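For reference, the chains in residue letters:
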Amino acid sequence: MAEVIIVRDQTEAGSVAASIFAQQISTNPCTVLGLATGSTPLSTYAALAATVAEDAIDVSGVRGFALDEYLGVPPQHPESYRSVITREVVEPLGLNPDYVFTPRGTGPGITQAGAEYEDMIAEAGGIDIQILGIGSNGHVGFNEPGSSLASTTRIKALAEQTRKDNARFFDSPDEVPTHCITQGLGTILKARQLVLLAFGANKAQAVAAALEGPVSSAVPGSVIQQHPRATVIIDESAAAGLAHAEYYRHAWRSAQILNAVSF
Ligand code: PGA
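Described in the following lines is the structure provided in the data block. Worth saying up front: this structure is predicted, and the values here are computed from it rather than measured.

## Considerations on the site of the ligand
For step 1, the next point in the chain: Neighbouring the ligand are the residues Gly-38, Ser-39, Thr-40, Gly-133, Ile-134, Gly-135, His-139, Arg-168 and Lys-203.
For step 2, the next point in the chain: For the ligand, an oxygen atom lies 2.4 Å from a polar atom in the side chain of Thr-40.
For step 3, the next point in the chain: Calculation on the ligand without its partners gives an accessible area of 280 Å², and the protein chains cover 82% of this total.
For step 4, the next point in the chain: When atoms are counted within 2 Å of each cavity's grid points, the one that captures over half of the ligand is the largest pocket.

Structural data, given as structure tokens:
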């Protein structure tokens, strides 16, 4: 079972998550990060950028692989995930842009782009730590409900709910792409550590189903139950549907006390 941490708000979640990432990078300066887009990871990226600057953490050897990219959106488009990752992660953290990759969403031989991306991740030695959001429909990456639990990076059709959720990033709903290229659930499970965040009441149902429901392709986020090292950081609203919230709070308090005490 994942460690579930229920926090007050996104700022606290960002600082808890950033401390996990900062510790990982300090331990291994050649860490391979798994990066997510969307609103959810922003407070983590901001807190991590501040920590990297304050503690002078060396990020020159850090590499990164984004979870997904829109299909048919050129990298220079402001809402391509290449642009978003550059703006929200590469620049604030001071990462080497040549070490940060997104799946290729355009160009010839696009049906091979998923396999190419899998090869690139494998050549980098695999992802050490992956940050994840969760969609209101339970998706992780762009693995929509029905995705194989063993899937690898590939082209997928976006669910209409996802296109609606992402319309805020585009001038009109019609501009939201219909397809994407996304790491698969099997790819995500291969990362050595997962950190999933969720905020707000519209994520409560997806969070409850992912954490406490059956592991099922109907709720792609439920794959985290199969990961041996997963941390879930959520605010009170996103935790509202959890049956075992009191236990998670108790376990987290105990873990903090144990960390502070030496036997
Ligand atoms: P959000 O999206 O962070 O913008 O809420 C999460 C997701 O769709 O995975």
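There's plenty left to go through after this.
## Focus: the sheet that holds strand S4 (residues 68-70)
For step 1, the next point in the chain: With antiparallel pairing, the three strands of this open sheet are ordered in space as S4-S8-S7. The open sheet is flanked by S4 and strand S7 (154-157), the only strands paired with a single partner. This sheet shows a mean twist of 30 degrees between the axes of neighbouring strands, independent of strand direction.
For step 2, the next point in the chain: Alignment of S7 against strand S8 (residues 179-182), held across four bridges, turns out to be antiparallel. From the neighbouring strand, Arg-154 faces S8, where its bridge partner is Thr-182.

## Quick word on the layout of surface pockets
For step 1, the next point in the chain: Roughly 470 Å³ of internal volume is contained in the largest pocket.
For step 2, the next point in the chain: Every residue lining the largest pocket is counted, 25 residues in all, and those nearest its centre are Gly-38, Ile-134, His-139, Asn-166 and Lys-203.
For step 3, the next point in the chain: Here the residues of the lining of the largest pocket are counted per class, giving seven nonpolar, 14 polar and four charged.

## Some points on the nonpolar core
For step 1, the next point in the chain: Ile-233, Ile-234 and Leu-242 are the most contacted members of the largest nonpolar core, which totals 69 residues.
For step 2, the next point in the chain: Non-local contacts of Leu-242, meaning those with residues more than four positions away in its chain, are made with Val-207, Ala-208, Leu-211, Glu-212, Ile-234 and Tyr-248.
For step 3, the next point in the chain: Core analysis: the second largest hydrophobic core is formed by ten residues, Val-73, Phe-142, Leu-158 and Val-176 among them.

## A look at the packing of helix H1 (residues 10-27) against helix H2 (residues 42-54)
For step 1, the next point in the chain: Taken N-terminus to C-terminus, the directions of H1 and H2 make an angle of 55 degrees; their axes are 7 Å apart at the nearest point. Classed by the angle they form, the pair H1 and H2 counts as oblique. Crossing of H1 over H2 shows right-handed handedness. Contacts between H1 and H2 involve Gln-10, Ala-13, Gly-14, Ser-15, Ala-17, Ala-18, Phe-21 and Ala-22 from the first element and Ser-43, Thr-44, Ala-47, Leu-48 and Thr-51 from the second.
For step 2, the next point in the chain: Among the residues making up the contact of H1 with H2, the classes are represented as seven nonpolar, six polar and no charged.

## Quick look at the pairing of strand S10 (residues 230-235)
For step 1, the next point in the chain: Counting buried positions along S10 gives six out of six residues, so the element sits mostly inside the fold.
For step 2, the next point in the chain: In S10, alternate side chains face the same way, and those of Ala-230, Val-232 and Ile-234 on one face and Thr-231, Ile-233 and Asp-235 on the other are all buried.
For step 3, the next point in the chain: Pairing between strand S1 (residues 3-7) and S10: five bridges, direction parallel. Bridge pairing links Ile-6 to Ile-234 in S10.
For step 4, the next point in the chain: The pairing of strand S9 (residues 194-198) with S10 spans five bridges and is parallel. Opposite Leu-197, over in S10, you have Ile-233 as the bridge partner.
For step 5, the next point in the chain: Taking the sense of rotation as the criterion, the β-α-β connection linking S9, helix H7 (residues 204-212) and S10 turns out right-handed.

## Side note on unusual backbone geometry
What is expected of a backbone is that most residues other than glycine have negative phi and most peptide bonds are trans.
For step 1, the next point in the chain: A positive phi angle is found at Ala-56, which is not glycine, with a value near 50 degrees.
For step 2, the next point in the chain: A relative accessible area of 65% places Ala-56 in the exposed class.

## Some words on the pattern of salt bridges
For step 1, the next point in the chain: Enumeration over the complete set of coordinates arrives at seven salt bridges.
For step 2, the next point in the chain: A salt bridge links Arg-8 to Glu-12, with the nearest nitrogen and oxygen atoms 3.6 Å apart.
For step 3, the next point in the chain: Take Glu-12: its relative accessible area is 24%, and that puts it in the partly exposed class.
For step 4, the next point in the chain: Here Glu-236 and Arg-249 are joined by a salt bridge, their closest N and O atoms 3.1 Å apart. In this pair, Glu-236 is assigned in the loop between S10 and helix H8 (245-260) and Arg-249 in helix H8, connecting sequence segments 13 residues apart.
For step 5, the next point in the chain: According to the relative accessible area criterion, Glu-236 is partly exposed, its value standing at 41%.
For step 6, the next point in the chain: On the accessibility criterion, Arg-249 (23% relative accessible area) is partly exposed.

Procedures and definitions
- Each chain has its residues counted from 1, running along the sequence as written.
- Residues qualify for local features only when their pLDDT is at least 70, as the model is predicted, and side-chain atom pairs are given and counted only at 80 or more; totals for whole chains, interfaces and linings, by contrast, use all residues.
- To get the side-chain values, take all heavy atoms of the structure and skip hydrogens and water.
- Definition of nearness: a residue and a molecule or strand are near each other if at least one heavy atom of the residue lies within 4 Å of the molecule or strand.
- Polar contact is defined as a pair of N or O atoms within 3.5 Å, subject to the rule that within protein one atom must be able to donate a hydrogen and the other to accept it, and that residues adjacent in sequence are counted only when both atoms are side-chain atoms.
- Computed with the Shrake-Rupley method and a 1.4 Å probe, the accessible areas treat only the protein chains shown as cover for residues.
- A cavity here means a set of points on a 1 Å grid, drawn over the protein atoms and nothing else, where a 1.4 Å probe fits but cannot get out; a pocket is an open set with protein on both sides within 12 Å along at least five of seven lines, and a residue lines either one if it has an atom within 4 Å of a point.
- Put plainly, a molecule is in a cavity or pocket when over half of its atoms are within 2 Å of the grid points there.
- Between any two strands, at least two bridges found by DSSP are needed for them to pair.
- Labels follow the DSSP assignment, with helices taken as runs of H or I lasting at least four residues and strands as runs of E lasting at least two, numbered in each case from the N terminus.
- Axis lines are fitted to C-alpha atoms, over the contacting stretch for helices. Their N-to-C directions set the angle, which ranges from 0 to 180 degrees.
- Grid points are joined across faces, edges and corners, and a volume is the space filled by probe spheres set on the points.
- Residues are sorted three ways: Asp, Glu, Lys and Arg are charged, Ala, Val, Leu, Ile, Met, Phe, Trp, Tyr, Cys and Pro are nonpolar, and all the rest, Gly among them, are polar.
- Take the buried residues of types Ala, Val, Leu, Ile, Met, Phe, Trp, Tyr and Cys, join any two whose side-chain atoms come within 4.5 Å, and each joined set is a nonpolar core.
- Buried, partly exposed and exposed residues are distinguished by accessible area as a fraction of the type maximum, computed with a 1.4 Å probe on protein chains only: under 20%, between the cut-offs, and over 50%, respectively.
- Whether two residues are in contact is decided by their heavy atoms: any pair within 4.5 Å suffices.
- Any angle between 65 and 115 degrees counts as roughly perpendicular, while under 35 counts as roughly parallel, over 145 as roughly antiparallel, and the rest as oblique.
- Crossings are classed by handedness, with left-handed meaning an anticlockwise turn of the near helix from the far one by less than a right angle and right-handed meaning a clockwise turn.
- Orient the strands so they point away from the viewer, and a crossover whose first-strand-to-second-strand path over the helix runs clockwise is right-handed.
- Take a side-chain nitrogen of Lys or Arg and a carboxyl oxygen of Asp or Glu: if they are within 4 Å of each other, that pair is a salt bridge.

These results come straight from atomic positions and should not be treated as a statement about function.
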